[in-house]
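Secondary and tertiary structure notes
Next come the chains, spelled out residue by residue.
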Amino acid sequence: MSKTYNRWYHPYDSNDKYTRRVAYFCMEYAIHQSLKIYSGGLGFLAGSHMRSAFDLRQNVIGIGMLWKYGYYDQERNEDQSMRPHFTQKYYSFLQDSGITVRVVVNNHPVLVKALVLKPEVFGTAPIYFLTTDVPENDHLARTITNRLYDPEPNARIAQSIVLGIGGAKVVEALGGAEVYHMNEGHALPLAFHLYQEYGQKEEVRRRMVFTTHTPEKAGNEEHDIQMLHNMSFFNGITLEEARDLTGTTGHMFNHTLVALRLSKVSNGVSQLHGEVARDMWYGNEGVCEIKSITNAQNVPFWMDKQLWEAQERNKDMTMQQRKKEMKRKLFDVVADQTGKIFKPDVLTIVWARRFAAYKRADLLVRDMERFLRLVNKSDMPVQVIWAGKPYPFDLNAVNTFNKLVYISQKQDNVAVLTGYELGLSRKLKHGADVWLNTPRRPREASGTSGMSAAMNGAVNFSVQDGWLPEFSRHGENSFVLPIVDTSLPDDLQDEEDYNNMMRILEQQVIPTYYRDRERWLRIVKQSMRDVIPAFSSDRMAHQYYELMYNYQMRS
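Residues numbered from 1 in each chain as written. Predicted model: local features only at pLDDT ≥ 70, side-chain atom pairs only at ≥ 80, totals over all residues. Heavy atoms only, no water.

Okay, unusual backbone geometry next. Residue P442 is reached from R441 by a cis peptide bond, and omega for that bond is 0°. Mapped onto the secondary structure, P442 falls in the loop between β17 (434-437) and α17 (449-454). Notably, N314 is not glycine yet its phi reads approximately 55°, a positive angle. The phi angle at R360 is positive, at roughly 55°, despite the residue not being glycine. Tracing the sequence through the fold places R360 in the loop between β14 (347-352) and α14 (368-375). For R360, a relative accessible area of 3% corresponds to the buried category. (Helix = DSSP H or I, 4+ residues; strand = E, 2+ residues; numbered from the N terminus. Buried < 20%, exposed > 50% of the residue type's maximum accessible area, 1.4 Å probe, protein only.)

This is the structure we're talking about:
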């Protein structure tokens, strides 16, 4: 048991700019390849934030969940199609904090134990991971922290109660926080715990800040308010009080809307997403101000130092040599998983992220004949790699992944990789020449994978969504698609984006790579220089203090 970490403690003196005590609540964190408790971008973002909090000596702790089976292990069936596998995880580097708290779920008491990830293990702020898998709980209670994003609605609600109320009680056991930061609305029961503690809505709002991450309906949860009440989501306050506190008049309770009503200030995660969020929510009564703080990634963690130093010294030959070495490491994975030998001097396009429908993983193969012509040109060859984890219970997403697997089996220069976690993500970003991003605009809130790709000499080729409008200059540091009319039906948007994408690929991206290497290198170097420090998570972590944690609510 850790005696030091049973109270609010950091192994450093906080920087004078960052002294307010902040507890950061998130359902997932991508910290290290060995700690498999994340699914995608939300976790990658939270991991970079916790690393920068440590690097900047901020007075921040993280509160998360210790998922017994993680998200899932992405394995293959006999025909190479995807198979999700749930394996129990063990982590010797997490220590018992000595803190166990009690929450109520579905009117039953549940014990929640906190294990701590100490800062010195991976270079993060202290993070407390919550588990209900303790002998004192009954079987059902022990399963609450089994799986990230459980498909069962009641289990998801129970997970929110554990994160929000259990997390708040752990923070109080540590000595309390001045600011409670909800990174997405999963920890919302926290607000009702604070209401019970302080008795007034304004006192809750004084302490809470909120980051909204997605304009996708699936990311903005709604539940029947009676069901939430029955599950003890409101921490013992009456249903009438809950309605009055949250401004909910109908049957459906919108988690994002309520978080915006119960926070002193909130933010979207790019300039564009902030605009989209304000358009979405400002028509509702009682919502707080929605600022924009663009997501970012931790530079020391993601960036290849040798490539960066070669770029800084304008050593073009050294840069090209290092990039080939980085590509070979990725191609070792390709060979291991698929039996295909990719070539380091061939233009390599990577599409790698969650397989959510709006991200359009299969846009590149919309016209199969045209795709085959693209990848089979002998004078300007192309290699294509897909990777990413579909939500395992989303059959459409799994089918899209498998469709690409079957297409790849007929092409020696096309691969679909499994196991998209931090380790593979790093190799893909190091090994890509082109980082392809194809969401339906404006549904990608930020899209930080392109930032860490740019840090490693990959050129972004993207829809102008999320962070890209703040960064991209077509033909100078990236290639971007013209903006389509988003009022068109999805299929027409897809067709227009597809045609623009293929035209730019065929006429600009590929010819530049092969016929104008000097210009290609200029684009690569400009991209690297433009992404740092603007899209470093040090900038982001600083802005959270400046714009959110130190924000003074108007009385």
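Before going further, it helps to spend a moment on the packing of aromatic side chains. Under the criterion given, the structure shown has 33 aromatic pairs. Relative to F86, the ring of Y72 has its centre 6.4 Å away and its plane inclined at 55°; by these criteria the two rings are tilted. One end of the pair, Y72, is in the loop between β2 (60-65) and β3 (73-76); the other, F86, is in the loop between β4 (82-85) and β5 (95-105), with 14 residues separating them in the sequence. Each ring, one from F234 and one from F253, has its centre 5.5 Å from the other, and the planes form 65°; the classification is edge-to-face. Here F234 is found in the loop between α7 (225-230) and α8 (239-246), whereas its partner F253 is found in strand β11 (residues 252-254), with 19 residues between them in sequence. A connected cluster of aromatic rings, assembled from ring pairs, spans Y38, F44, F301, W302 and Y420. One Lys or Arg, R147, reaches over the ring of F86 and ends 4.7 Å from the middle of that ring. The ring of Y198 is capped by R207, whose NZ or CZ atom sits 3.7 Å from the centre of that ring. (Phe/Tyr/Trp six-rings, centres within 6.5 Å; stacked < 30°, edge-to-face > 60°. Lys NZ or Arg CZ within 6 Å of the ring centre and 35° of its normal.)

Ordered by their spatial adjacency, nine strands build an open sheet running β5-β6-β7-β2-β1-β8-β9-β12-β13, and the pairing between neighbours is mixed. The sheet is open, and its two borders are formed by β5 and β13 (289-292), each paired with just one other strand. This sheet shows a mean twist of 25° between the axes of neighbouring strands, independent of strand direction. Two strands pair when backbone bridges link them, and strand β1 (residues 22-25) and strand β8 (residues 179-183) are joined in this way by four bridges, in the parallel orientation. Within β8, the residue paired with V22 across the bridge is V179. (Pairing = 2+ DSSP bridges. Axes fitted to C-alpha atoms, helices over the stretch in contact; angles between N-to-C directions.)

On to the packing of helix α12 (residues 305-312) against helix α20 (residues 517-531). Each pair of packed helices can be summarised by the angle the axes make with each other and by the distance between the axes. Where α12 contacts α20, the two axes come as close as 11 Å, and the packing angle between them is 105°. As far as their axial angle goes, α20 and α12 are roughly perpendicular. Here L307, W308 and Q311 of α12 come into contact with α20, specifically with K525, M528 and R529. The residue inventory of the contact of α12 with α20, partitioned by class, reads three nonpolar, one polar and two charged. (Parallel < 35°, antiparallel > 145°, perpendicular 65-115°, else oblique. Contact = heavy atoms within 4.5 Å. Nonpolar A, V, L, I, M, F, W, Y, C, P; charged D, E, K, R; others polar.)

Before going further, it helps to spend a moment on helix α13 (residues 316-338). Over its 23 residues, α13 extends 32 Å from the first C-alpha to the last, a length consistent with the 33 Å expected when each residue adds 1.5 Å. Here α13 has its buried residues at M319, R322, K323, M326, K327, L330, F331, V333 and V334. (Expected span 1.5 Å × (residues − 1).)

Turning our eyes to something else, we now look at the packing of α12 against α13. The N-to-C vectors of α12 and α13 enclose an angle of 165°; their axes lie 9 Å apart at closest approach. By the angle between their directions, the pair α12 and α13 is classed as roughly antiparallel. Crossing geometry of α12 relative to α13 is assigned as left-handed. Of α13, the residues touching α12 (which contributes Q306, L307, A310 and Q311) are T318, M319, R322, K323 and M326. A per-class count over the contact of α12 with α13 returns four nonpolar, three polar and two charged. (Left-handed = near helix turned anticlockwise from the far one by under 90°.)

Counting 169 residues, the largest nonpolar core has Y29, F192, F234 and W386 as the members making the most contacts within it. Considering each element in turn, this core owes the most residues, 10 residues, to helix α4 (residues 153-174). If near-sequence neighbours (up to four positions away) are discounted, W386 is found in contact with W351, A361, L364, V365, F371, L404, V414, A415, V416 and L417. Judged by nonpolar contacts, the second largest core, of 18 residues, contains V333, I385, A432 and A453. (Core = buried A, V, L, I, M, F, W, Y, C linked by side-chain atoms within 4.5 Å.)

Here we take up the environment of I31. With respect to the helices and strands, I31 occurs in the loop between β1 and α1 (41-55). Separated by 13 residues in sequence, I31 and F44 have C-alpha atoms that sit 7.5 Å apart. Discounting residues that sit within four places of it in the chain, I31 has contacts with G47, M50, R51, L117, F122, T124, I127, F301 and L422.

Once that is clear, we can look at the environment of T100. By the secondary structure assignment, T100 is in strand β5. Along the chain, T100 and L111 lie 11 residues apart, while their C-alpha atoms are 6.7 Å from each other. Apart from residues lying up to four places away in sequence, T100 is in contact with L111, V112 and K113.

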